[in-house]
Amino acid sequence: MNLQTSTPELDQSPWGAWRQSDPFRRYPVMWLLDGNTRLHSIRVMGIAVRIGRAAGLEGPRLETLSTAALLHDVGKVKVPEGVLLKGGVLNDHEKAMIQRHPVHSAEILSSEGFDPEVVEAVRHHHERFDGRGYPDGLSGNRIPLLSRIIALADSFDAMTSHRPYRRAMGVSQALGEIWHHRGDQFDPMLAELFVALFDERPLEGIPCDPHVPHRDLMHSVRVHREAC
Ligand SMILES: [Fe+2]
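Residues numbered from 1 in each chain as written. Predicted model: local features only at pLDDT ≥ 70, side-chain atom pairs only at ≥ 80, totals over all residues. Heavy atoms only, no water.

For the rest of this paragraph, the subject is the confidence of the model for the protein chain. A residue-level look at the protein chain finds 75% of positions with pLDDT of 70 or above and a mean pLDDT of 79. Taken element by element, the protein chain is modelled with least confidence in helix 1 (residues 8-11), mean pLDDT 34, and with most confidence in helix 9 (residues 116-123), mean pLDDT 98. Confidence drops under a pLDDT of 50 for residues 204-228, and excluding neighbours within four residues, the segment shows 50 contacts in the predicted structure. (pLDDT = per-residue confidence, 0-100. Helix = DSSP H or I, 4+ residues; strand = E, 2+ residues; numbered from the N terminus. Contact = heavy atoms within 4.5 Å.)

So, about the nonpolar core. Core analysis: the biggest nonpolar cluster contains 43 residues, and Ile51, Leu65, Leu71, Leu109, Phe156, Ile178 and Phe194 have the highest contact counts within it. Secondary-structure elements contributing two or more residues to this core are helix 4 (35-54), helix 5 (59-71), helix 8 (101-111), helix 9, helix 10 (145-159), helix 11 (171-180) and helix 12 (188-200). (Core = buried A, V, L, I, M, F, W, Y, C linked by side-chain atoms within 4.5 Å. Buried < 20%, exposed > 50% of the residue type's maximum accessible area, 1.4 Å probe, protein only.)

Our focus in this paragraph is the packing of helix 4 against helix 5. The geometry of a pair of packed helices is captured by two quantities: the angle between their axes and the separation between those axes. Closest axis-to-axis distance for the helix 4/helix 5 pair is 8 Å, and the angle between their directions is 155 degrees. By the angle between their directions, the pair helix 4 and helix 5 is classed as roughly antiparallel. Where helix 4 crosses over helix 5, the handedness of that crossing is right-handed. Residues Ser41, Ile42, Val44, Met45, Ala48, Val49, Gly52 and Arg53 of helix 4 touch helix 5, and the partners they reach there are Leu62, Leu65, Ser66, Ala69 and Leu70. A breakdown of the residues in the contact of helix 4 with helix 5 according to their chemical character gives nine nonpolar, three polar and one charged. (Axes fitted to C-alpha atoms, helices over the stretch in contact; angles between N-to-C directions. Parallel < 35°, antiparallel > 145°, perpendicular 65-115°, else oblique. Left-handed = near helix turned anticlockwise from the far one by under 90°. Nonpolar A, V, L, I, M, F, W, Y, C, P; charged D, E, K, R; others polar.)

With that settled, consider the coordination of the iron ion. The protein atoms donating to the iron ion are Asp73 (OD), His101 (NE2), His125 (NE2) and His126 (NE2), with metal-donor distances spanning 2.2 to 2.3 Å. For the iron ion, the four donor atoms in the first shell make angles of 82 to 173 degrees at the metal, a pattern classed as irregular. For the iron ion, the donor residues sit on a single chain with the sequence spacing D-x27-H-x23-H-H. Under the relative-accessibility criterion, His125 is labelled buried at 1%. (Donors = N, O, S within 2.8 Å, 3.2 Å for Na, K, Ca; no water. Tetrahedral: all angles 85-135°; square planar, octahedral: opposite > 155°, others 65-115°.)

See the structure below:
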């Protein structure tokens, strides 16, 4: 099996970037994350790559998106687990600790010598289109394109995943939320593209259920790889 080659049909697979990069081997920093965040990161990568392709990204730019989407939350290793996994309302200090994680992610990746575009994309993945996000309150097109894509993929996966403090939303409800918040939370053009994309073809191959056991996820990856 040659991981560097793929058929045109497989190029459409959201796992294309995964096949070519084998992230756990290439980015051992992933193993520092807890299991749920690691699985979330993998799903976000698959979804972000699909949005990126639909938005016209290709080649090295798509690879940059894939890397940034996979590693966007590595900064959570610096947030105490008790805060990260806390159910219920966070106090201001805890909220501030969580909201530092994109900065921590950027610092970790910068110190590891990652491409500045990856570092920037990761730093800004919690900015909002209306400027009310964090850490820098950027708005509109001042938010890097890759960050706007990751924000969509991240929110969709978060909404459709169970959390200690709430149940997962159904896919159509999550798409409704994305549609509703186009222009305030999300880049309106990307949000419309994402909803249309999903209507046209579900995100097959991405195990969206966060409770999918790790072995099933790895099986899914293997199936896609063996198809090469
Ligand atoms: Fe995040």
